[in-house]
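Survey of secondary and tertiary structure
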Amino acid sequence: MSLGSREAIFELTKKSLSAVVDLTGRKPRPGRARADFRPIPNSTCSIRLWPGSVSEGAYCMDFVDSETKQPVNSPFEFELWGAPNPEAPGLRAPAGRILSLERNSGVWQHDIRSGEERSVLRDGLTCLLKRPGKRDVQFTVPMRWRPPPQYDLDILDFPKNI
């Protein structure tokens, strides 16, 4: 199989290495990236959400100490569940239990480096944080606005709600 000329290989390599990579999962640097924090009732921890890949519609989540804002691994017994968002019926998000990236990769909880645990959620996903002996907590992941697709057609305007 011929790879072509040396120049063609260099051009292909240059194109591959110049591609923009849309990463998900990298923890935000303090003061340098957008992150939203919400305290968890009856806990010393908060949930932190930050944007992930726009093309994948991903957001990331971890737990942080409410006072220091330093990331912590699952600080208490919990289950995180995802549910469809009734306000975003076209959202393709899985309903069911959500595990951290590390747990999904087969890393045991006690082997996850301190403060490195994180989960990936979908834009607009409604989440339920279940904690034994405490009230459940519900939150909805922000949904980034995307321009609607443009089609060359006529649109009939029927009522959306009646």
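Above this text you will find the structure in question.
Residues numbered from 1 in each chain as written. Predicted model: local features only at pLDDT ≥ 70, side-chain atom pairs only at ≥ 80, totals over all residues. Heavy atoms only, no water.

**Details of the overall build of the protein chain**
Along the backbone of the protein chain there are two helices and nine strands. Its helices and strands taken in sequence order, the protein chain reads α-β-β-β-β-β-β-α-β-β-β from the N to the C terminus. Per-residue burial over the protein chain gives 30% buried out of 162 residues. Considering only residue pairs separated by 6 or more positions, the protein chain has 49% of its internal contacts joining residues 24 or more positions apart. Carbon and sulfur atoms provide 55% of the accessible area of the protein chain, an area that totals close to 12200 Å². (Helix = DSSP H or I, 4+ residues; strand = E, 2+ residues; numbered from the N terminus. Buried < 20%, exposed > 50% of the residue type's maximum accessible area, 1.4 Å probe, protein only. Contact = heavy atoms within 4.5 Å. Areas by Shrake-Rupley, 256 points an atom, 1.4 Å probe, with all protein chains shown as cover.)

**Some thoughts on a nonpolar patch on the surface**
There is a patch of nonpolar side chains on the surface, built from Tyr151, Leu153 and Ile155 and spanning about 390 Å² of accessible area. Examined against the element boundaries, leucine 153 turns out to sit in the segment after strand E9 (137–140). Owing to a relative accessible area of 49%, leucine 153 belongs among the partly exposed residues under this scheme. (Patch = residues over 30% accessible without salt bridge, like charges linked within 9 Å, V, L, I, M, F, W, Y side chains within 5 Å. Salt bridge = Lys/Arg side-chain N within 4 Å of Asp/Glu carboxyl O.)

**A closer look at unusual backbone geometry**
In this structure, asparagine 42 takes a positive phi of about 60° despite not being glycine. The residue asparagine 42 is located in the loop between strand E1 (36–39) and strand E2 (45–51) in this model. Phi angles above zero are rare outside glycine, and lysine 69 is one such case at about 65°.

**What about helix H1 (residues 6–17)?**
With twelve residues, H1 extends 16 Å between its outermost C-alpha atoms, agreeing within 8% with the 16 Å of an ideal straight helix rising 1.5 Å per residue. Of all twelve residues in H1, zero are buried; the element is thus mostly exposed. (Expected span 1.5 Å × (residues − 1).)

**A short note on the side chain of arginine 144**
The topology assignment puts arginine 144 in the segment after E9. Here serine 53 takes part through its backbone oxygen, which lies 3.4 Å from a polar atom of the side chain of arginine 144. Within the structure, the side chain of arginine 144 is placed 2.6 Å from the backbone oxygen of alanine 58, a separation counted as a polar contact. Discounting chain neighbours no more than four positions away, the residues touching arginine 144 are Pro51, Gly52, Ser53, Val54, Gly57, Ala58, Tyr59 and Asp123. (Polar contact = N/O pair within 3.5 Å; in protein donor to acceptor, adjacent residues only side chain to side chain.)

**Some remarks on the sheet that holds strand E8 (residues 126–130)**
The strand order across the open sheet built from four strands is E6-E5-E8-E9, with neighbouring strands paired in antiparallel fashion. Lying at the two open borders of the sheet, with one neighbouring strand each, are strand E6 (96–98) and E9. Each strand axis lies, on average, 30° off the axis of its neighbour in the sheet, ignoring direction. (Pairing = 2+ DSSP bridges. Axes fitted to C-alpha atoms, helices over the stretch in contact; angles between N-to-C directions.)

**Some details on the environment of serine 46**
Summarising the element assignment, serine 46 is placed in strand E2. Once the C-alpha coordinates of serine 46 and aspartate 65 are considered, the two residues, 19 residues apart in sequence, prove to be 6.2 Å apart. Discounting chain neighbours no more than four positions away, the residues touching serine 46 are Arg38, Pro39, Ile40, Asp62, Phe63, Val64 and Ser66.

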